[in-house]
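# A closer look at the structure
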Amino acid sequence: MTRVQLIDVGKQYPGRGKGAEPVVAVEDVSIDVASGEIHAVIGYSGAGKSTLLRLVNGLERATSGRILVGEHEISSLPERRVRDVRTNIGMIFQQFNLFHSKNVSKNVEYPLALAGMPAPERKARVAELLEFVGLSDKATAYTDQLSGGQKQRVGIARALATNPGLLLADEATSALDPETSQEVLALLRRVNLELGITILLITHEMDVVREIAHRVTVMDSGRAVEQGDVFDVFSSPKTETARKFAATA
Ligand code: ADP
């Protein structure tokens, strides 16, 4: 289980062209994701959600503020230490990001091979993971033979391979139909409950938040404009953005 703390985090990108103003992607965002919590960050396109995720997994550096993943301050570690912290972070994506040239087992095995686990152990671990996501019978299938929901389940198995304490989900169900989304969300709930993994997800879909999140941060123009218990935030929204999302539920 892993706690994630963002403290007054800001991220600016250089503006395009000479003398252009910098782009403020994230500004003064503080989020405390308790260990074992499912925390959703919801916002419209351009709100700063993906930037936030890239800061948490150390793919990018914050311009200001601090980010702690467990006891590690990922925002200030040298790159080689960031890689170590990243082994405690699993990640799943809207477009699944699987290897098309590898079968299901090989996709799931990939992070284990990278981590240097011996082949017999990898085999056992892959079998265990496929069992957990309900894809034991697809071990030798190629990804283009799978439905979207099955692809995301492979993505989840791969993300869990190295036993991370934190799972980051980037619009994980946005490419799926509503019924399949429900199945994938149910699996994420099991990941959280049965394995105790903290989940930080970003989404523009109110259904996702309502379905699995414990707490939510509403983002607008780079800022966290509301935050709290999902029911509390959306039963009495204080900003126009939160009100709009609440209305879609
Ligand atoms: P969201 O994920 O909520 O759609 P993003 O984090 O992708 O939002 O983007 C937030 C803002 O930061 C947008 O205005 C976007 O154009 C800008 N932005 C994101 N990444 C970059 C980048 N690499 N360079 C310049 N601007 C960026």
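Preceding block: the structure.
Residues numbered from 1 in each chain as written. Predicted model: local features only at pLDDT ≥ 70, side-chain atom pairs only at ≥ 80, totals over all residues. Heavy atoms only, no water.

Below, the discussion takes up the overall build of the protein. When its secondary structure is counted, the protein shows nine helices and ten strands. Against the globule reference of 18 Å for 249 residues, the protein gives a C-alpha radius of gyration of 18 Å, in line with a compact fold. Projected onto its principal axes, the C-alpha coordinates of the protein cover approximately 50 × 40 × 35 Å. Per-residue burial for the protein yields a buried fraction of 49% across its 249 residues. At a minimum sequence separation of 6, the contacts of the protein that also span at least 24 residues come to 67%. Put simply, the protein has 29 plus and 31 minus side-chain charges, and the middle of one group is 6 Å from the middle of the other. (Helix = DSSP H or I, 4+ residues; strand = E, 2+ residues; numbered from the N terminus. Rg over C-alpha atoms; globule rule 2.2 N^0.38 Å. Buried < 20%, exposed > 50% of the residue type's maximum accessible area, 1.4 Å probe, protein only. Contact = heavy atoms within 4.5 Å. Lys, Arg positive; Asp, Glu negative; His and termini not counted. Charge placed at Lys NZ, Arg CZ, Asp CG, Glu CD.)

Once that is clear, we can look at the nonpolar core. Counting residues in each nonpolar core, the largest one holds 49 residues, and the members touching the most others are Ile156 and Phe234. Those residues in contact with Phe234 that lie beyond four places of it in its chain are Ile42, Met206, Val209, Val216, Val218, Ala242, Phe245 and Ala246. Ile67, Val69, Val85 and Leu168 belong to the second largest nonpolar core, which has 27 residues in total. (Core = buried A, V, L, I, M, F, W, Y, C linked by side-chain atoms within 4.5 Å.)

Residues in contact with the ligand, as listed here, are Tyr13, Val23, Ala25, Tyr44, Ser45, Gly46, Ala47, Gly48, Lys49, Ser50, Thr51 and Arg54. Between an oxygen atom of the ligand and a main-chain N or O atom of Ala47, the distance comes to 3.0 Å. In isolation the ligand offers 550 Å² of accessible surface; the protein chains occlude 65% of this area. Mapped onto the shell around the ligand, the elements with two or more residues apiece are β2 (23-33) and α1 (49-56). In terms of residue count, α1 provides more of the shell around the ligand than any other element does, four residues in total. Its residues assigned to classes, the shell around the ligand comprises five nonpolar, five polar and two charged. (Near = heavy atom within 4 Å. Polar contact = N/O pair within 3.5 Å; in protein donor to acceptor, adjacent residues only side chain to side chain. Areas by Shrake-Rupley, 256 points an atom, 1.4 Å probe, with all protein chains shown as cover. Nonpolar A, V, L, I, M, F, W, Y, C, P; charged D, E, K, R; others polar.)

For the rest of this paragraph, the subject is the environment of Ala246. By the element assignment, Ala246 lies in helix α9 (residues 240-248). Look past the residues within four positions of Ala246 in its chain and what remains in contact with it is Phe234 and Pro237.

Backbone geometry at Asp28 places phi at a positive 55°, although glycine is not the residue there. Its place among the elements puts Asp28 in strand β2. Within the chain, Asn97 stands out as a residue other than glycine whose phi angle is a positive 55°. Looking at the element boundaries, Asn97 is found in the loop between β6 (89-93) and α3 (104-114).

Right, let's talk about the pattern of salt bridges for a bit. Evaluation of the coordinates by the stated rule reveals 13 salt bridges. Between Arg3 and Asp32 there is a salt bridge whose closest N-O contact spans 2.7 Å. Of the two residues, Arg3 is situated in the segment before β1 (4-13) and Asp32 in strand β2; the sequence distance between them amounts to 29 residues. Residues Glu37 and Arg215 are paired through a salt bridge, measuring 3.1 Å at the closest nitrogen-oxygen approach. On the criterion of sequence distance, the pair formed by Glu37 in the loop between β2 and β3 (38-42) and Arg215 in strand β9 (residues 215-220) is long-range, its members being 178 residues apart. Looking at Arg215, the relative accessible area reads 25%, which means it is partly exposed. Taken together, the shared-partner salt bridges in this structure form one network comprising Lys106, Glu109 and Arg122. (Salt bridge = Lys/Arg side-chain N within 4 Å of Asp/Glu carboxyl O.)

A word on the pairing of β9. Judged from the four bridges that link them, β3 and β9 form a sheet pairing that is parallel. Counted as the bridge partner of His39 is Arg215 from β9. Direction of pairing for β9 relative to strand β10 (residues 223-229): antiparallel, over a ladder of six bridges. Its bridge partner lying in β10, Val218 is registered against Glu226. Hairpin connection of β9 to β10: two residues between the antiparallel strands, including Ser221 at a positive phi of 45°. (Pairing = 2+ DSSP bridges.)

Moving on to helix α4 (residues 119-132). End to end, α4 covers 20 Å across 14 residues, agreeing with the expected 20 Å (1.5 Å per residue, within 8%). Within α4, burial applies to Arg122, Arg125, Val126, Leu129, Leu130 and Phe132. Projection of α4 onto a plane perpendicular to its axis shows the buried side chains occupying an angular sector of 150°, all on one side. Those residues of α4 that are exposed and angled more than 90 degrees off the buried face are Pro120, Lys123 and Glu131. The inward-facing, buried residues of α4 abut α3, α5 (148-160) and α6 (178-195). Following α4 by one or two positions, Gly134 has its phi on the positive side, about 75°. (Expected span 1.5 Å × (residues − 1). Arc of directions from axis to C-beta.)

Shape is all these values report; function is a separate question.
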